[in-house]
Amino acid sequence: MSEQTVGVMGAGVMGSGIAQVLALAGHEVTCYDVAEEALAKGRETVENGRFGLRGAIERGKATAEQVDATLARLRFTSELDDVSRSDVIIEAVPERLDLKIRVFRDLDQQAPESTILASNSSGFPIAALAAATDRPDRVIGWHWASPAPVMKLAEIVRAPATSDETVDTIARLAAAAGKNPVVVKDNTRTWGYVANRVYFAMVREARAVVEEGIAKPEDVDQLMVDCFRWPTGPFGMTRGARSGWS
């Protein structure tokens, strides 16, 4: 796939990870956050975190030359104008619908008409974000899993107005970055698309087991790992998704 300019809104656990993946895939990436502390932490995580670029050299996943080139393609900024000129902008701000709608409204006003606006929401209706813009055909969900540099998930969420061209662009961008794009329909009735609807059903049952005194949380996690070869159990997954993987 030809190189794209990519903007990422949010330099937290997910935003910095998304920025790292797409910069490593060869795209010019600008990661935005309002907080300088978040930008500094995001930059440090990308370079030296557990799943960062320097560690990728040690694990044989990238060469020193590739890492240097990736860092040269990736910049962190608190200036919204630096992000709004991108071909594709991925929103990775905290999971609050009001905040996401405001971000999409602002981006719609500042970005070129051709820019695709994607959301990393875990389950909010993409149609609600599209309705805040004058470009619903170029609004799409791109749900990633944590840690973004490792997990293959690319849950591509198509709202009713999302165009074929937008879906194809994001699916190809995901595949070229080493992810497994699966296109699903938007859901306005319940929170979550596919992955999280199934995941939270599992979490509810795991919590019920603990509340009934049948097993401790760590025991539930271990059983799921041992029985199904999961990398972690439901409680471990929840902690990692919220606070990162140390």
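Structure first, text after, so check above.
Residues numbered from 1 in each chain as written. Predicted model: local features only at pLDDT ≥ 70, side-chain atom pairs only at ≥ 80, totals over all residues. Heavy atoms only, no water.

Caption draft 1: Just the sheet that holds strand β2 (residues 28–32), in detail. The strand order across the open sheet formed by 8 strands is β3-β2-β1-β4-β5-β6-β7-β8, and the pairing between neighbours is mixed. Looking at strand neighbours, the two that pair on one side only are β3 (74–77) and β8 (180–185), the edges of this open sheet. Within the sheet, the average angular offset between the axes of one strand and its neighbour, ignoring direction, is 25°. In the sheet, β2 pairs with β3 via 4 bridges, with the strands oriented parallel. From the neighbouring strand, Cys31 faces β3, where its bridge partner is Phe76. Those strands touched by helix α2 (residues 36–48) are β2 and β3, and its axis lies near 160° from that of β3. (Pairing = 2+ DSSP bridges. Helix = DSSP H or I, 4+ residues; strand = E, 2+ residues; numbered from the N terminus. Axes fitted to C-alpha atoms, helices over the stretch in contact; angles between N-to-C directions. Contact = heavy atoms within 4.5 Å.)

Caption draft 2: Seen up close, a positive patch on the surface. A cluster of like positive charges, contributed by Arg50, Arg59, Lys61 and Lys152, occupies part of the molecular surface. Counting through the fold element by element, Arg50 comes out in the loop between α2 and α3 (53–58). (Patch = residues over 30% accessible without salt bridge, like charges linked within 9 Å, V, L, I, M, F, W, Y side chains within 5 Å. Areas by Shrake-Rupley, 256 points an atom, 1.4 Å probe, with all protein chains shown as cover. Salt bridge = Lys/Arg side-chain N within 4 Å of Asp/Glu carboxyl O. Lys, Arg positive; Asp, Glu negative; His and termini not counted. Charge placed at Lys NZ, Arg CZ, Asp CG, Glu CD.)

Caption draft 3: A look at the environment of Tyr199. Its location among the elements puts Tyr199 in helix α9 (residues 195–211). The exposure class assigned to Tyr199 is buried, which follows from its relative accessible area of 16%. Linking Tyr199 and Thr238, residues 39 residues apart in sequence, is a C-alpha distance of 9.9 Å. Contact partners of Tyr199, with chain neighbours within four places excluded, come to Pro234, Met237 and Thr238. One polar contact links the side chain of Tyr199 to the main-chain carbonyl oxygen of Pro234, over a distance of 3.4 Å. (Buried < 20%, exposed > 50% of the residue type's maximum accessible area, 1.4 Å probe, protein only. Polar contact = N/O pair within 3.5 Å; in protein donor to acceptor, adjacent residues only side chain to side chain.)

Caption draft 4: Representation of the pattern of salt bridges within the structure. A full pass over the atoms with the stated rule returns 11 salt bridges. Arg54 serves as the salt-bridge partner of Glu47, at 3.1 Å between the closest nitrogen and oxygen. Here Glu47 falls in the partly exposed class, since its relative accessible area comes to 25%. Judged by its relative accessible area of 28%, Arg54 falls in the partly exposed class.

Caption draft 5: Region of the structure containing unusual backbone geometry. With an omega of 0°, the peptide bond between Ser146 and Pro147 qualifies as cis. Tracing the sequence through the fold places Pro147 in the loop between β6 (139–143) and β7 (153–158). The phi dihedral of Arg229 is positive, around 60°, even though this residue is not glycine. Its place among the elements puts Arg229 in the loop between α10 (217–228) and α11 (234–243). The exposure class assigned to Arg229 is exposed, which follows from its relative accessible area of 77%.

Caption draft 6: Seen up close, the environment of Val13. Positionally, Val13 belongs in helix α1 (residues 13–24). Expressed as a C-alpha distance, the spacing of Val13 and Ile116, which sit 103 residues apart in the sequence, is 22 Å.

Caption draft 7: Here's a closer look at α9. For α9, with 17 residues, the first-to-last C-alpha span of 24 Å sits near the 24 Å given by 1.5 Å per residue. Among the residues of α9, those classed as buried are Asn196, Tyr199, Val203 and Ala206. Burial along α9 is one-sided: seen end-on, the buried residues are contained in an arc of 80°. In α9, the exposed residues that point more than 90 degrees away from the buried face are Val198, Arg204 and Glu205. Gly213, located one to two residues past α9, shows a positive phi value of around 75°. (Expected span 1.5 Å × (residues − 1). Arc of directions from axis to C-beta.)

Caption draft 8: Structural context of helix α8 (residues 164–176). Taking 1.5 Å per residue as the helical rise, α8 with its 13 residues ought to reach 18 Å, and the 18 Å between its terminal C-alpha atoms agrees with that figure. All buried positions along α8 are accounted for by Thr166, Val167, Thr169, Ile170, Ala171, Leu173 and Ala174. Those residues of α8 hidden inside the fold are in contact with α1, β4 (88–91), β5 (116–119), β6, β7 and β8. Among the residues trailing α8, Gly178 stands out with phi positive, at a value near 90°.

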